[in-house]
Amino acid sequence: MVATEPGKQIHVVANGERERRLIETAQKYGASGYTVWDARGGGRTGDHTGTLDADRNIYFVMVVTEENLEQMLAALERMMGRGHRLAVWVTEARVLPRPA
Amino acid sequence: MFDLSNLLIPAFLFFALGVLASVVRSDLRFPPDLAKALSIYLLVAIGLKGGMELAQADLGVAFGAVLVALALGFGLPLIAYLILWRLGRFDPLNSAAIAAHYGSVSAGTFLVAIAFLESHGVAYESYPVIMLAIMESPAILVGLFLAKLSRQSAAVDVAEAVPSENGETRRMILDSLTNGSVILLLGGMLIGYVADPGALVTIEPFYTEIFMGVLTLFLLEMGMEAGRRLEAFRQVGLFLTGFGLVMPLIGGVFGLLAGHYLLSLGMGGTTLVAVLGASASYIAVPPAMRLAIPEANPSYYLTLALGITFPFNVVIGIPLYYGAAGWLAG
């Protein structure tokens, strides 16, 4: 069986303007990397087609350790508390470690 | 003053086609980022043209145009804010976010106005192009300031948010002054102003011959976006709908008076200044407000700016301001 390490994958859907802040947060709280996709969708604030910059969403994914998870979620919660509209959820991950 | 022929210009007709496509739920979709590419072209083209004409123009009047632009850019959002907060009894944060849109400008509306003037064979000065670039940013700063005031007066726990919030505020101010539209307009103008006229001739066809055609595609997509917002009228409510129709008229009046009496522009130039006063941003300001005032509901300001004010200005406003400018010109 291939050896993997346990991790927590944090998924965030947010307005595109939040990208820079999310990257800073990821780097600050120990994510080794992140991946961003452009996203479309809709919700309580209407459809987000991506045609206008204000309507442009991103799907932001990062993997953190169990130890860093709570701090990362707390930072995202503070962002939401300031009114930023984020959708955040966590899934389990099994991470292939990089070869030494 | 207003007749059907005002609407029979390609720019308006393509906008209407976009609205129709959206209303009938056509599967018409533009490739991603096409609107952005088209707007880059349009902003560079208008900036270049403005700069080339500025090279022949009166710098004193240009400086006066900058001052008037700043006055409109800082003053109109304050008027909008007072109307929303005092008259409409909206919460201060939503009022600040919406007001910032009405102090800034819509390059799309400005370009439709240019198409309208050119279809009527009416000349216009280049000074409103400078004003377009200047007026992109002040309203964002006013929005930030009003939001900060209202948070302080609501005794929000600023201390908890301060370390990152202050840094973000500084960045937002810098971003508002260096946003893409401002860079393209001012940069294009500078290039048009300083470049050798003989060299400019080689690129002029690209920025003039296909300009109107590109504008029609841009407006087709904006029409589709505006059409999508029509359903959000119910969320916005009667007062805000009325605001979206009346505030352009208020801004338009200030623009008319400024263009005619302060800058002594002709009928074309005065019409364009009126359009600048009357328009609401839906490209540069909304993302700034999403960052700066996240508590505000984006549905309000996007529906107002793109779903109500933009179509109003295109269909009724531009011919109205043109007629009023003509009346002022005697």
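Here, the structure is the one placed above.
In this report, we go over the structure that sits alongside the text. (Residues numbered from 1 in each chain as written. Chains lettered and ligands numbered in written order. Predicted model: local features only at pLDDT ≥ 70, side-chain atom pairs only at ≥ 80, totals over all residues. Heavy atoms only, no water.)

A count of helices and strands for chain B gives 15 helices and zero strands. The 330 residues of chain B split such that 56% are buried. Restricting the contact set of chain B to residue pairs at least 6 apart, pairs at least 24 apart contribute 89%. Carbon together with sulfur atoms contributes 70% to the accessible area of chain B, which is approximately 13500 Å² in total. The distance from the centre of the 14 positive side-chain charges to the centre of the 21 negative ones in chain B is 11 Å. (Helix = DSSP H or I, 4+ residues; strand = E, 2+ residues; numbered from the N terminus. Buried < 20%, exposed > 50% of the residue type's maximum accessible area, 1.4 Å probe, protein only. Contact = heavy atoms within 4.5 Å. Areas by Shrake-Rupley, 256 points an atom, 1.4 Å probe, with all protein chains shown as cover. Lys, Arg positive; Asp, Glu negative; His and termini not counted. Charge placed at Lys NZ, Arg CZ, Asp CG, Glu CD.)

Each helix and strand counted, chain A has two helices and six strands in total. In terms of overall dimensions, chain A has a C-alpha envelope of 45 × 25 × 20 Å along the principal axes. Pairs at least 24 residues apart make up 77% of the contacts formed inside chain A by residues separated by at least 6 positions. Within the structure as shown, chain A displays about 5800 Å² of accessible surface, and the carbon and sulfur contribution to it stands at 50%.

To continue, consider the interface of chain A and chain B. At the junction of the two partners, chain A supplies 20 residues and chain B supplies 28 residues. Together chain A and chain B conceal approximately 2200 Å² of surface at their shared face, both sides included; 46% is due to carbon and sulfur atoms. On the chain A side of the interface with chain B, the three residues burying the most area are T51, L52 and R82 of chain A, jointly 26% of the side's total. One can count one salt bridge joining chain A with chain B. Ionic pairing is found between D55 of chain A and R229 of chain B, a salt bridge with its closest N-O pair at 2.6 Å. Put simply, chain A and chain B have three residue pairs in polar contact (both at pLDDT 80 or more) between them. (Buried area = accessible area lost by both parts, 1.4 Å probe. Salt bridge = Lys/Arg side-chain N within 4 Å of Asp/Glu carboxyl O. Polar contact = N/O pair within 3.5 Å; in protein donor to acceptor, adjacent residues only side chain to side chain.)

Let us look at the side chain of S104 of chain B. Residue and element names in this part refer to chain B. Summarising the element assignment, S104 is placed in the loop between α4 (92-103) and α5 (107-119). Looking at S104, its side chain comes within polar contact range of the main-chain oxygen of E136, at 3.0 Å. Contacts of S104, omitting those with residues within four sequence positions, involve M135, E136, A139, L276, S279, A280, S281 and V285.

On to unusual backbone geometry. All names here are of chain B. In this model, R25 sits at a positive phi of 60 degrees, which is unusual for a non-glycine residue. Considering the arrangement of structural elements, one finds R25 in the loop between α1 (10-23) and α2 (34-54). Overall, the relative accessible area of 63% leaves R25 in the exposed class. Phi at R89 is positive, roughly 60 degrees, even though this residue is not glycine. One can find R89 in the loop between α3 (59-87) and α4.

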